[in-house]
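Residue-level listing of the chains:
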Amino acid sequence: MDYFFSRPQQQDPTPKDATATIDKLCDRLRDATLLEDRRSAVQGLRALARDWQLLVGTKAIPAFITVLRNDRMDVEIIKLTLETLNILCSVTGEDINLASQLTEIFIKDSSNITLILDILAELDFYVRFNSVQLLTTLFGNVGSALHEGILTSPLGISRLIDLLDDRREIIRNDGLLLLISLTEKNADIQKIVAFENAFERLFTIIFDEGTIDGGIIVQDCLQLMQNLLRHNASNQNLFRETSCIKQVPKLLVSRFEHPNGEVKEVSLCDISEWSEQKTQNTIFVLELIKVLVEGVNQNTVVNQNLLGQSNIIRTLFETSMAKVVPNEVRNHALLAIADIIKHNDVNRDRFSKCTMKSNESDISSVMAILQTSINKNDFFERVCSAYLFRSFIEDNMDGQVFVASSVLPQNSTPIGTLLVTSLTDLSLSVRDPLRIWFSSNALMHSLFHNTHAQDICLSAHFEEHGESIVFLHKVCYSLLCASRDGLDHRVQIGLLSLLIVWAFDNTKVVKEFLSEGSNMQFLVEQISQSSGIDPVVQGLSVFLYGVLYKFNDDTEPDQPAKSCDKVQRLKETKAVAANDKVNATKEEDLALDPIFLEFTRTHLDTIVKGVTVIAKKVSGKVAVNQNNTNEFESMKEKLKELTESLKKKDDEIAQLREQIAQSDLNAKQTNVLVDVEELKHLREKVIEKDEYIRAIEEDQEDLYLLTADQEIEIAELKEKLKAYGEVFPDE
């Protein structure tokens, strides 16, 4: 037997020697009657397993399974067998398929998985530890098969959940990691784990570890909770019924122990020192909150209401505004508030009542998040604040009217002043192009699908140099200056998005926009450029152009013929083709607000059709005008020919009359008898010529009248073309 143990420490055996040795050890493992001999055989195979993985695996796995079934009472041999199986099923070197093949051999009989789960009932440290390690390895190789095996095992989930109660941290932690992997994508296992009192056990561990002050084990517990709750309605019901949702706010405190042993709870905004693990634990708590209130389902509103009642909104708002809190935590706090108040009027009201200190004065929560999105330097904090404002204002008719009213000069609220200044003062946008982008989108959401708010905003007038200027025209002027000065394209994108939503389905706004000729002239110039313009800006210009046409019956825009391809370019840009949730992950990728992006996808095709109709209509009018011009020229030529022909006929008649007069005179002078019939024939010919002349004169008079009508119609058409911007060089 010493031979088998000393063999691996000598020079590596040749394949022939290794095969012979492995065969002998397998025979001994199968046939030996003494437990010590079988244990020694397992030790020998374990020593060879790493170097001769294929040979040991194909020959010894059936024998190992027999040992696990028959020698359960011997802890030592079970421990060695589990360890060897784990070595065989683990990926070593570059041969990834080998581990999968050996795993397939082991789990070919699903009862082998049940066998490992039953062994978990053994309390020996090494047996439990190696069992968990083996299950983790098997899951990494064939996850779906392990899912099925665990579900078919009567006590499989219970054995795994019991690992959470193990006082030996390494076993508990490894069991926790295994449960995280198993519950990530399997709803059936999620439900069974949850109904095994998993939530209560996890909260116990979290509080024992010190909540957010604990180590990575707290993070793992929160991750498992998220797996169990995400998109799982029955587990969320259980989470509420067991009052676990009331425990969530308690996780957002830090516990400080005084030297006298007294434990004091400190809110997040009062914590001055943040370790990396504390930051991660807090983020996972905030992610757990978002899991409970994300999406639209039967549980969302109930969870929102319960969280709102727990005063967690104020806690999260204070955390999001505290400068001592890390940026990551503040951003996730903003997103968590956004999901708690989304489509929930009661929670929106709770949020709007929150205040914060700024320069020794209180400012509202709405003003605070607007300031953050418009004025802050941190990109992700601005994005998260904008998302929170959008959640507050979306489908909130009263909130939209409140923000729109704040723009009126007579109200002069901090929110209105901030928005108006940001949209009309371009000097700050030179250094910070996103300032106008965020302010434009904030006002855009305040006007979305709310005609009353749009009309209120339209009524805003500002006195400048003794002249009253409509706020809409100030926004248009900012757009013109941004294009003229070559500012960042996102400045124009933000302003165009605002104007499109403002003018959509609102004839008053369209009429006011068109009342200033420079607005349409600028828009036409944007559309007509063939190069040197951002495709998103040009596409949105066409979009706005189509909106103006669609919702204004009295005016026909004049440059649609070449705009359809610009709209198609817009649809193909990354900004429209992408599908971002909150916003871009990088500042340079920021283009269209997600809500406006969905609005664009919904209405763009309709606008394209409208623009196409305009193009055909104007093209048809141009063709008609050209045909009328050609017809007029043809008639002029015909009139000229008829006039010349008439002159010739007049000359011929005059000659005939002279001939007749001369003939009469000759007859009288010479007393020559003229044939009466011939004279009669000649007179009839003269009468016929007179009638022909009268007919030509009537035709000439009709032609003159027709020419006058044509000249009047041509003058009218020229006036229309001039109104559309056509220039006639001969004038």
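Helix and strand counts for the protein chain come out as 36 helices and 6 strands. Taking the intrachain contacts of the protein chain between residues at least 6 apart in sequence as the baseline, contacts between residues at least 24 apart amount to 70%. Counting only carbon and sulfur atoms, one obtains 50% of the accessible surface of the protein chain, whose full area is about 36,300 Å².

Turning our eyes to something else, we now look at the packing of aromatic side chains. The full count for this structure, using the stated rule, is 16 aromatic pairs. Three or more aromatic residues joined by ring pairs make a cluster, and in this case those are Phe448, Phe504, Phe543, Phe551, Phe596 and Phe599. Over the ring of Phe551 we find Lys550; its NZ or CZ atom is 5.8 Å from the centre of that ring.

Attention now goes to the pairing of strand β5 (residues 461–464). Where β5 meets strand β6 (residues 467–470), 4 bridges bridge the pair, whose relative direction is antiparallel. Residue pairing across strands places Glu464 opposite Glu467, the latter belonging to β6. In this structure, the hairpin formed by β5 and β6 is closed by a connection of 2 residues, where His465 is found at a positive phi of approximately 55°.

This part covers the environment of Phe389. Following the sequence through the fold, Phe389 ends up in helix α22 (residues 379–393). Given a relative accessible area of 2%, Phe389 falls into the buried group. Beyond its immediate sequence surroundings of up to four residues, Phe389 is in contact with Val366, Ile369, Leu370, Val403, Ala442 and Ser446.

For the protein chain, per-residue confidence averages 83 on the pLDDT scale, and 80% of positions sit at 70 or higher. Here helix α1 (residues 2–6) stands out as the element of the protein chain with the lowest mean pLDDT, 42, in contrast to helix α14 (residues 216–229), whose mean of 96 is the highest. Note that residues 1–11 has pLDDT below 50 and, in this model, 14 contacts with residues that lie over four places away or in other chains.

On to the environment of Asn506, then. Secondary-structure assignment places Asn506 in the loop between α29 (489–503) and α30 (507–515). Look at Asn506 and you get buried, because its relative accessible area is 3%. Sequence separation of Asn506 and Asp455 is 51 residues, and the distance between their C-alpha atoms is 8.6 Å. Here Val509 takes part through its backbone nitrogen, which lies 3.2 Å from a polar atom of the side chain of Asn506.

Moving on, we get to unusual backbone geometry. Even without being glycine, His231 reaches a positive phi, approximately 55°. Tracing the sequence through the fold places His231 in the loop between α14 and α15 (233–241). What makes His231 exposed here is its relative accessible area of 70%. A positive phi angle, close to 60°, is found at Asp505, a residue other than glycine. Given the relative accessible area of 53%, Asp505 is considered exposed.

So, on to the nonpolar core. One finds Leu160, Phe239, Phe351, Phe471 and Trp502 to be the most contacted residues of the largest nonpolar core, which totals 202 residues. Ignoring any residue separated from it by four or fewer positions in sequence, one finds Trp502 in contact with Leu447, Gln454, Cys457, Leu458, Phe471, Leu472, Val475 and Val509.

Taken as a whole, helix α12 (residues 187–194) has its buried residues at Ile189, Gln190, Val193 and Ala194. Buried residues in α12, looked at end-on, bunch into an arc of 130°, giving them a common side. For α12, the N-terminal capping position is held by Asn186, with its side-chain oxygen 3.1 Å away from the main-chain nitrogen of Asp188.

Reading the values: the criteria
Residues numbered from 1 in each chain as written. Predicted model: local features only at pLDDT ≥ 70, side-chain atom pairs only at ≥ 80, totals over all residues. Heavy atoms only, no water. Helix = DSSP H or I, 4+ residues; strand = E, 2+ residues; numbered from the N terminus. Contact = heavy atoms within 4.5 Å. Areas by Shrake-Rupley, 256 points an atom, 1.4 Å probe, with all protein chains shown as cover. Phe/Tyr/Trp six-rings, centres within 6.5 Å; stacked < 30°, edge-to-face > 60°. Lys NZ or Arg CZ within 6 Å of the ring centre and 35° of its normal. Pairing = 2+ DSSP bridges. Buried < 20%, exposed > 50% of the residue type's maximum accessible area, 1.4 Å probe, protein only. pLDDT = per-residue confidence, 0-100. Polar contact = N/O pair within 3.5 Å; in protein donor to acceptor, adjacent residues only side chain to side chain. Core = buried A, V, L, I, M, F, W, Y, C linked by side-chain atoms within 4.5 Å. Arc of directions from axis to C-beta.

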